[in-house]
Amino acid sequence: GENVEQHPSTLSVQEGDSAVIKCTYSDSASNYFPWYKQELGKGPQLIIDIRSNVGEKKDQRIAVTLNKTAKHFSLHITETQPEDSAVYFCAASAGSASKIIFGSGTRLSIRP
Amino acid sequence: DAEITQSPRHKITETGRQVTLACHQTWNHNNMFWYRQDLGHGLRLIHYSYGVQDTNKGEVSDGYSVSRSNTEDLPLTLESAASSQTSVYFCASSEYRKGNTEAFFGQGTRLTVV
């Protein structure tokens, strides 16, 4: 079955710097890669996603890149702010009516 | 507004008891999922359903069961609660639309088995 690995497990960056979280997946049939943000005491919320026919997608300070050949995808957050502190999960899915498999999460801390 | 709700938010139960966690969504989504969240393991899939009367086992299904009698609800039952099942449980629902499968999560249920 699908396996998603995520690194690092914890990440601390200075406010204003960039943060990068990386994931790899095992199932070549996966074609949808969402990223979720989980704040303390809440359920995960989708922040950005990318499909396998796209190499990069950007939404303001957040960008995702996908290397389908290497089965790697990454989340990039630029100009980090205190409200970016949270746990981030990558995930992979094979699309229509398919289960979503999550990585183990990255706890991001933004230092003032 | 459409939403997904879980109840209870917190539950303490004794080892060996049967426990049912409720999940109700008003998105009219066909897909529903149960995950457990433990430190160092992220979100692990317990059971999932693609529609009424459909249920499937996830990667950590032992000791859990679900039933799907309508579109809105997917209750999760722990047949005989064990301390290893102490965790935070999240329910989610999703629908495949325009090539995307965004999942919406509930607020979670913190279950403690003593």
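Quantities reported herein were computed from a predicted structural model and do not represent experimental measurements.

Caption draft 1: Structural detail: the overall build of chain A. For chain A, the helix and strand inventory stands at zero helices and 11 strands. Ordering the α and β elements of chain A from the N terminus gives β-β-β-β-β-β-β-β-β-β-β. A compact globule built from 112 residues would reach a C-alpha radius of gyration of about 13 Å, and chain A, at 13 Å, matches this within 12%. Here the C-alpha coordinates of chain A stretch approximately 40 × 30 × 20 Å along the principal axes. When burial is assessed residue by residue, chain A has 46% of its 112 residues classed as buried. For chain A, the accessible area works out to roughly 5300 Å², and carbon and sulfur atoms hold 46% of it.

Caption draft 2: Highlighting the overall build of chain B. Helix and strand content of chain B: zero helices and 11 strands. What you see in chain B, going N to C, is helices and strands ordered as β-β-β-β-β-β-β-β-β-β-β. A globule of 114 residues ought to have a C-alpha radius of gyration of about 13 Å, and chain B, at 13 Å, matches this closely. In chain B, which comprises 114 residues, the share counted as buried stands at 49%. Expressed as a percentage of contacts within chain B between residues at least 6 apart in sequence, the contacts between residues at least 24 apart total 52%. By element, 45% of the accessible surface of chain B is carried by carbon and sulfur atoms, the whole surface being about 5500 Å². Both charge centroids of chain B, one from 10 positive and one from 12 negative side chains, sit 4 Å from each other.

Caption draft 3: Quick look at the pattern of salt bridges. Residues and elements named next belong to chain B. Scanning all chains against the criterion turns up seven salt bridges over all chains. Between arginine 36 and aspartate 38 there is a salt bridge whose closest N-O contact spans 2.8 Å. The exposure class of arginine 36 is buried, given its relative accessible area of 8%.

Caption draft 4: Main features of unusual backbone geometry. Residue A:Pro8 is bonded to the preceding A:His7 through a cis peptide linkage, with omega at -5°. Between B:Ser7 and the following residue, B:Pro8, the backbone shows a cis peptide bond with an omega angle of -5°. Backbone geometry places A:Lys71, a non-glycine residue, at a positive phi of 60°. Within the element layout of this structure, A:Lys71 appears in the loop between β7 (62-67) and β8 (72-77). Residue A:Lys71 is classed as partly exposed on the basis of its relative accessible area, which comes to 26%.

Caption draft 5: Representation of the interface of chain A and chain B in the model. On the side of chain B, 22 residues touch chain A, which itself brings 21 residues to the contact. Between chain A and chain B, a total of about 1800 Å² is buried, with carbon and sulfur atoms accounting for 56% of that surface. At the junction of chain A and chain B, the tally comes to four residue pairs in polar contact (both at pLDDT 80 or more). Elements with a contribution of two residues or more to the side of chain A that touches chain B: β4 (32-38), β5 (45-51) and β10 (100-102) of chain A. Tallied by class, residues from the side of chain A that touches chain B come to nine nonpolar, eight polar and four charged.

Caption draft 6: Here's a closer look at the state of the cysteines. All names here are of chain B. Scanning the entire structure with this criterion turns up two disulfides over all chains. The disulfide bridge from cysteine 23 ends at cysteine 91, spanning 1.8 Å between sulfur atoms. What sets the handedness of the cysteine 23 and cysteine 91 disulfide is the S-S torsion sign, and at about -70° it is left-handed. Note that cysteine 23 is positioned in strand β3 (residues 19-25) and cysteine 91 in strand β9 (residues 87-94), a separation of 68 residues in sequence. Each member of the pair cysteine 23 and cysteine 91 is classed as buried.

Caption draft 7: A look at the nonpolar core. By size, the foremost hydrophobic cluster in this structure holds 40 residues, and its most contacted members are A:Trp35, A:Phe73, A:Leu75, A:Phe102 and B:Tyr35. Per-element tally for this core: the top contributor is strand β9 (residues 86-93) of chain A, with seven residues. When sequence neighbours within four positions are dropped, the list of residues in contact with A:Leu75 reads A:Ala19, A:Val20, A:Ile21, A:Trp35, A:Ile47, A:Ile48, A:Ile62, A:Ala63, A:Val64 and A:Tyr88. With 18 residues, the next largest nonpolar core counts B:Val19, B:Met32, B:Tyr64 and B:Leu74 among its residues.

Caption draft 8: Molecular detail of the side chain of B:Ser93. All names here are of chain B. Mapped onto the elements of the fold, serine 93 is located in strand β9. Taking relative accessible area as the criterion, serine 93 reaches 0% and is therefore assigned buried. In terms of polar contacts, serine 93 uses its side chain to reach the side chain of histidine 29, at 2.9 Å. Filtering out sequence-adjacent residues up to four positions away, serine 93 remains in contact with Ile4, Gln25, Trp27, His29, Asn31, Met32, Glu102, Ala103 and Phe104.

Caption draft 9: Quick peek at the environment of B:Leu39. Residues and elements named next belong to chain B. Assignment of secondary structure puts leucine 39 in the loop between β4 (31-38) and β5 (42-51). Exposure remark for leucine 39: the relative accessible area of 82% places this residue in the exposed category. Through-space distance from the C-alpha of leucine 39 to that of serine 87 is 9.1 Å; in sequence the pair is 48 residues apart.

Conventions used here
- Residues numbered from 1 in each chain as written.
- Chains lettered and ligands numbered in written order.
- Predicted model: local features only at pLDDT ≥ 70, side-chain atom pairs only at ≥ 80, totals over all residues.
- Heavy atoms only, no water.
- Helix = DSSP H or I, 4+ residues; strand = E, 2+ residues; numbered from the N terminus.
- Rg over C-alpha atoms; globule rule 2.2 N^0.38 Å.
- Buried < 20%, exposed > 50% of the residue type's maximum accessible area, 1.4 Å probe, protein only.
- Areas by Shrake-Rupley, 256 points an atom, 1.4 Å probe, with all protein chains shown as cover.
- Contact = heavy atoms within 4.5 Å.
- Lys, Arg positive; Asp, Glu negative; His and termini not counted.
- Charge placed at Lys NZ, Arg CZ, Asp CG, Glu CD.
- Salt bridge = Lys/Arg side-chain N within 4 Å of Asp/Glu carboxyl O.
- Buried area = accessible area lost by both parts, 1.4 Å probe.
- Polar contact = N/O pair within 3.5 Å; in protein donor to acceptor, adjacent residues only side chain to side chain.
- Nonpolar A, V, L, I, M, F, W, Y, C, P; charged D, E, K, R; others polar.
- Disulfide = S-S within 2.5 Å.
- Core = buried A, V, L, I, M, F, W, Y, C linked by side-chain atoms within 4.5 Å.

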